[in-house]
Amino acid sequence: MAKVESFTLDHTKVKAPYVRLITEEHGEKGDIISNYDLRLVQPNENAIPTAGLHTIEHLLAGLLRDRLDGVIDCSPFGCRTGFHLITWGQHSTTEVAKALKGSLDDIANKITWDDVQGTDKYSCGNYRDHSLFSAKEWSKDILAEGISDDPFNRNVI
């Protein structure tokens, strides 16, 4: 079985919240796809409940696209500690951290239920499992910790 980089990372050494470049894949025609670890809470110490994480996911899908060029996807980790962000091209971890910070600030302070896309049975595969209250509370907590552009040393942006 192929080795997966994320499973070789020592999760006891990272200091969340942070943004980490996992890998860049270079295509035959020169295209680049970048994969980032958007770690919101400390692994093995905390996990965001599914309803709040689900709502954060739906909101980040639009908010990160408003702030970063080339966003392909933002998908939650199964451990519920953060997200994979996949983009075309290259972005510095500082640039991604700033986009994440701005997005979480919007979730915490500006977003209303009417802003959350995909919350009915036609547009979401588990539309009953959302919580804007939880998304807002977790976003506030993450922002209070500060988002680092380095996973091992706290360099809060």
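Description of the structure in this document. What you see is a predicted model, and the numbers here were worked out from it, not measured in a lab.

With the rule as written, the count across this model stands at seven salt bridges. The residue lysine 13 makes a salt bridge to aspartate 10 at a minimum N-O spacing of 3.8 Å. Here arginine 20 ties to aspartate 37 by a salt bridge, and the two come within 3.3 Å at their closest N and O atoms. Of this pair, arginine 20 sits in strand S1 (residues 18-26) while aspartate 37 sits in strand S2 (residues 32-39), and the two are 17 residues apart along the sequence. Across this residue pair, the class does not change: arginine 20 and aspartate 37 are buried.

This brings us to the sheet that holds S2. Ordered by their spatial adjacency, four strands build an open sheet running S1-S2-S4-S3, and the pairing between neighbours is antiparallel. Looking at the sheet topology across the chains shown, the edges are occupied by S1 and strand S3 (71-76). When strand polarity is set aside, the average angle formed by the axes of neighbouring strands in this sheet is 15 degrees. Both S2 and strand S4 (residues 82-88) contribute to a ladder of seven bridges, which runs antiparallel. Bridging from a neighbouring strand, isoleucine 33 pairs with tryptophan 88 of S4.

What counts, and at which threshold
Residues numbered from 1 in each chain as written. Predicted model: local features only at pLDDT ≥ 70, side-chain atom pairs only at ≥ 80, totals over all residues. Heavy atoms only, no water. Salt bridge = Lys/Arg side-chain N within 4 Å of Asp/Glu carboxyl O. Helix = DSSP H or I, 4+ residues; strand = E, 2+ residues; numbered from the N terminus. Buried < 20%, exposed > 50% of the residue type's maximum accessible area, 1.4 Å probe, protein only. Pairing = 2+ DSSP bridges. Axes fitted to C-alpha atoms, helices over the stretch in contact; angles between N-to-C directions.

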